[in-house]
2 protein chains.
Amino acid sequence: MKYNMVTEEILNKLIEIVGSKNVLTDKEKIETYSHDETPKEQYACMPEVVVIPKTAEEIAEIVKIANKELIPITPRGAGSGLSGGAIPVFGGIVISLEKMNKILEIDYSNMMMVLEPGVITNDINEVIAEKGLFYAGYPMSVETCFIGGNVAENSGGGRAVKYGVTNRYIMGLEVVTPEGDIVQLGGKLVKDVTGYDLKQLIIGSEGTLGIVTKVIIKLIPLPTAKVDLLVLFKDVKSAIKMVPKIMTEEKIIPTSVEFMDKLSVQASCQFLNEHLPYQKSGAMLLIEIDGNREDLVNDDSETIGELCLANGAIEVYVADNCTTQERIWSVRRNIAEAFMVVSPHQSLEDIVVPISAIPDLMPELDRISKKYNIQIPCYGHAGDGNLHATLVKNPESTMEEWYDIEIKALKELYQATKKLGGTLSGEHGIGYKRKDFIGIVSSPVEIDLMRRIKKAFDPNNIMNPGKIFDVK
Amino acid sequence: MKYNMVTEEILNKLIEIVGSKNVLTDKEKIETYSHDETPKEQYACMPEVVVIPKTAEEIAEIVKIANKELIPITPRGAGSGLSGGAIPVFGGIVISLEKMNKILEIDYSNMMMVLEPGVITNDINEVIAEKGLFYAGYPMSVETCFIGGNVAENSGGGRAVKYGVTNRYIMGLEVVTPEGDIVQLGGKLVKDVTGYDLKQLIIGSEGTLGIVTKVIIKLIPLPTAKVDLLVLFKDVKSAIKMVPKIMTEEKIIPTSVEFMDKLSVQASCQFLNEHLPYQKSGAMLLIEIDGNREDLVNDDSETIGELCLANGAIEVYVADNCTTQERIWSVRRNIAEAFMVVSPHQSLEDIVVPISAIPDLMPELDRISKKYNIQIPCYGHAGDGNLHATLVKNPESTMEEWYDIEIKALKELYQATKKLGGTLSGEHGIGYKRKDFIGIVSSPVEIDLMRRIKKAFDPNNIMNPGKIFDVK
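Residues numbered from 1 in each chain as written. Chains lettered and ligands numbered in written order. Predicted model: local features only at pLDDT ≥ 70, side-chain atom pairs only at ≥ 80, totals over all residues. Heavy atoms only, no water.

1. Side note on the sheet that holds strand β10 (residues 211–218) of chain B
Residues and elements named next belong to chain B. What counts here: Any two strands with at least two DSSP-identified bridges between them are counted as paired. For the purposes of this entry, the term helix denotes a DSSP run of H or I that reaches at least four residues, the term strand denotes a run of E that reaches at least two, and both are numbered from the N terminus. Angles shown run from 0 to 180 degrees and are taken between the N-to-C directions of axes, each axis being a line fitted to C-alpha atoms and, for helices, limited to the stretch in contact. Any pair of residues with heavy atoms lying within 4.5 Å of one another is described as a contacting pair.
As summarised here, the arrangement of the five strands in space is β5-β6-β10-β8-β9, forming an open sheet in which the pairing is antiparallel. The two strands at the open ends of the sheet, each matched to only one other strand, are β5 (103–107) and β9 (182–186). Strand-to-strand, the axes of this sheet are offset by a mean angle of 10°, without reference to chain direction. Alignment of strand β6 (residues 112–115) against β10, held across four bridges, turns out to be antiparallel. Note on β10: the bridge partner recorded for valine 114 is isoleucine 216. Sheet strands touched by helix α4 (residues 56–69): β8 (170–176), β9 and β10. Its angle to β8, the strand with the most contacts, is close to 45°.

2. Side note on the side chain of glutamate 364 of chain A
Rules: As used in this structure description, the phrase polar contact means that two N or O atoms lie within 3.5 Å; if the pair is within protein, one of them must be able to donate a hydrogen and the other to accept it, and residues adjacent in sequence are counted only when both atoms belong to side chains.
Take glutamate 364 of chain A: it is sitting in helix α14 (residues 358–372). Of note is the side chain of glutamate 364 of chain A, whose polar atom sits 2.9 Å from the side chain of arginine 367 of chain A.

3. Observations regarding the interface of chain B and chain A
For the record, the criterion: Once two parts are put together, the accessible area they lose, assessed with a 1.4 Å probe and summed over both, is termed the buried area. Whenever a carboxyl oxygen of Asp or Glu lies within 4 Å of a side-chain nitrogen of Lys or Arg, that contact is scored as a salt bridge.
If you look at the interface, chain B gives 86 residues, while chain A gives 86 residues. The contact between chain B and chain A buries some 6,600 Å² in all, and 64% of this surface belongs to carbon and sulfur atoms. Contact with chain A buries surface across chain B, with Lys191, Val193 and Tyr196 of chain B losing the most and accounting together for 15% of the total. At the boundary of chain B with chain A, the tally comes to eight salt bridges. We note a salt bridge from lysine 191 of chain A to aspartate 384 of chain B, for which the minimum N-O separation is 3.0 Å.

4. What about the environment of lysine 13 of chain A?
All names here are of chain A. Threshold: Burial status follows relative accessibility: with a 1.4 Å probe on protein chains alone, a residue under 20% of its type maximum counts as buried, one over 50% as exposed, and anything between as partly exposed.
Considering the arrangement of structural elements, one finds lysine 13 in helix α1 (residues 8–18). Judged by relative accessible area, which is 29%, lysine 13 ranks as partly exposed. Residues lysine 13 and glutamate 61 lie 48 residues apart in sequence; the distance between their C-alpha atoms is 9.5 Å. What lysine 13 contacts, discounting residues up to four positions off in sequence, is Ile65 and Glu69.

5. Points about the packing of aromatic side chains
All names here are of chain A. Cut-off, in case you're wondering: Classification of ring pairs uses Phe, Tyr and Trp, with its six-membered ring standing for Trp, and accepts pairs whose centres are within 6.5 Å; under 30 degrees between planes counts as stacked, over 60 as edge-to-face, and the remaining range as tilted. Note on geometry: a ring has a charge over it if NZ (lysine) or CZ (arginine) is within 6 Å of the ring centre and within 35 degrees of the ring normal.
This model, assessed by the stated rule, comprises twelve aromatic pairs over all chains. Between the aromatic rings of tyrosine 3 and phenylalanine 90, the centroid separation amounts to 5.3 Å while the plane-to-plane angle is 50°, which identifies the pairing as tilted. Remark: phenylalanine 90 occurs in the loop between β3 (73–76) and β4 (93–96) and tyrosine 3 occurs in the segment before α1; sequence separation between them is 87 residues. Residue phenylalanine 90 is classed as partly exposed on the basis of its relative accessible area of 43%. In this structure, lysine 131 is placed above the aromatic ring of tyrosine 108, and the distance from its NZ or CZ to the ring centre is 4.8 Å.

Structural measurements only, silent on function.
Written out as structure tokens, the structure reads:
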């Protein structure tokens with residue numbers, strides 16, 4: 001597919017639509033729109049122009065021009081993505097949603113909110129907490145990411161065990177299609193089976209099927225009590241065996257069940273100068289229980305603690321106040337940062353396997369780690385089978401060696417994941433970074449159906465091209 | 001679109017694939033496959049042949065023949081649908097899933113089950129209850145409907161307030177595409193953002209994008225305690241105002257919040273000879289709370305009861321044992337049946353509006369009822385805004401008059417629903433029955449996108465044609 005360049009004439013049309021101060025072409029200013037949270041040196045691509053619209057109508061006009069003139073468009077939220085989804089790999093126009101950041105409505109009687117796509121996810125909860133309400137679908141990057149980006153990636157996060165992921169809470173969307181039409185999907189409706197579920201199709205389509213310009217989210221009652229348990233096990237297998245037991249034997253669905261292997265805990269503790277007794281333990285679970293009654297949450301956490309001890313846990317630490325909770329979550333949150341000390345060059349992955357297959361994944365990580373002489377700490381959302389197995393460059397290898405190793409090791413990691421019934425990505429998406437690997441887990445028929453959908457929505461392939469799969 | 005007839009030669013090929021006893025052409029035998037639970041006299045269409053395969057491979061072979069020979073295929077589950085989705089409106093081949101009814105696997109460590117599409121939904125729970133597990137996505141017709149049909153319709157039901165609808169529990173699907181390929185979507189994975197969510201697109205697509213041949217469902221812990229409250233209000237408005245209050249003020253998410261207007265309760269009570277004090281009340285809520293701790297469920301039900309009384313409820317009846325629970329649910333369940341005494345000719349609808357708009361819907365029902373001189377009892381899932389407003393034929397009008405009135409009244413009902421931010425169907429689907437009305441709620445752009453998806457999956461339009469929308 002050959003695209004055209006953004007001409008002076010097109011630039012003038014863009015300025016006419018959004019005003020000159022919302023059209024950026026200055027190299028220094030647009031550099032920040034050339035990458036997301038994937039390594040810049042590997043993936044960054046410069047756009048020709050960045051446009052910052054304020055309405056769906058403006059976006060529709062821009063898209064119509066791009067579709068007619070065959071200019072690629074890359075929609076962009078906060079740029080906090082981890083798969084290169086917001087990188088303008090063919091140049092063209094970046095449409096930044098940063099100024100569409102208004103909370104349009106808080107509808108208490110329907111327990112819903114209407115948002116522009118540029119609202120920061122955490123801001124939602126700050127606004128509604130005092131009313132005892134809660135938006136439960138949010139990722140670890142909650143303090144920077146946009147709700148529109150959450151929709152594009154169908155974001156997950158650490159609380160999905162109990163609360164599910166983004167798509168559970170998206171009731172309605174307004175979308176500008178790749179041909180520049182504005183379409184309303186769903187609404188303030190918790191049930192809707194009127195025709196195909198286009199809303200669900202847009203969610204997680206990584207900006208390749210349209211640009212989300214409005215989001216209706218469902219709120220739930222805000223949980224007010226919380227306890228965290230840090231549970232030490234001698235090995236991964238005994239840790240993972242606990243996960244379904246908590247739910248089946250004790251009938252408790254925890255908010256989070258996070259997993260950290262020894263390597264992860266060790267690095268993070270050293271980094272934080274934290275004295276958790278990690279030496280004794282081969283794996284840890286961080287289990288959070290929340291609810292609206294303190295007594296019940298305490299009961300549940302006691303029950304889980306006892307169950308863990310009866311099933312081979314070495315020790316159970318209870319964190320029932322903010323300080324200790326923050327201490328143990330800090331260890332979990334700082335793992336990636338801690339490995340930056342080892343090497344700033346990493347490939348942060350988010351593979352998913354059936355929960356029961358996690359123990360079988362560990363020897364595979366070990367094998368790949370040894371074969372390529374790299375560290376692969378593994379941590380993440382055990383309750384979802386969603387693991388951040390992270391490839392960390394050996395400081396002794398050159399960058400050239402690392403790029404070569406990275407591709408080979410990723411391929412083996414994905415193949416091992418596939419063999420265990422798993423898939424490439426549970427949260428971060430395929431984007432630009434994993435596009436060439438999708439064939440490892442998705443069949444040719446499945447990819448062909450995706451391509452056909454893309455073609456049906458975007459015949460000229462102008463909407464976020466170069467992501468997820470190659471268009472033939 | 002012009003289809004071809006099933007020739008002797010094709011019939012022989014079908015017999016070769018599934019064996020002669022699984023190919024039905026006898027008029028008497030295939031009559032039962034000509035309709036679902038929509039009125040037979042209005043919607044039934046005879047197939048040319050009914051094929052009863054046992055494997056996905058057999059289905060793939062049949063579909064390949066049909067796709068090559070341009071013969072329409074209609075997939076069929078239990079035939080319990082309420083939108084004519086399983087009716088072979090262009091004749092051709094009905095593929096009945098009735099013999100693909102095996103539970104293939106119960107995977108306790110992942111809390112999942114692998115099912116063939118013909119498994120009766122209720123059988124799932126009968127098998128897993130003793131292990132303390134529960135499949136939560138199921139509709140009112142749970143005792144007859146198939147899990148494959150639940151997937152095709154994205155079935156809802158009375159427990160969706162707490163548990164959501166079918167799509168929350170479907171983790172993986174095997175599907176035979178309209179071109180006869182077998183594709184695996186998802187897996188035993190609770191998070192998956194690898195490319196477009198084709199699984200979610202298939203769910204609710206009413207058998208128009210492929211035939212589901214395997215279903216992986218997620219299980220949750222079985223709730224063991226349950227209390228039902230029957231709450232009487234003087235009018236609809238005060239009843240509906242309670243719904244978000246329970247969730248926001250008391251932070252309780254009930255399992256069900258069912259609504260019954262006076263007309264519905266009256267008819268059902270008279271039908272059952274039940275002595276609920278309906279005379280005093282303009283509307284009732286039936287609120288169910290479940291959980292795993294009896295004390296907590298009791299506390300919650302007391303809290304809700306008190307909140308209702310403090311907000312204008314006339315009376316609260318507590319049903320905390322099976323006998324009284326069955327008594328009040330029986331009133332709810334028998335409303336449709338009760339109106340059969342008035343007239344067997346009804347149009348059972350399942351419109352959805354924002355919860356807060358339910359009171360505004362009532363005068364519209366009243367207006368339409370008076371204008372066309374028909375009864376419109378209204379009951380259903382208030383907690384989801386999903387209401388079974390049912391048009392009941394006036395016994396005094398002729399069938400010809402009724403058919404005319406039905407179309408006009410339905411149109412006005414859907415227009416009123418649309419005006420309130422609602423849509424045509426929350427559970428039953430569009431199918432054959434509501435196909436000509438979809439344009440009232442869905443925009444031309446949205447319907448065009450659906451048509452493009454249909455064309456992308458099924459270029460020859462052989463898979464369940466004549467449903468949801470007309471293919472151009």
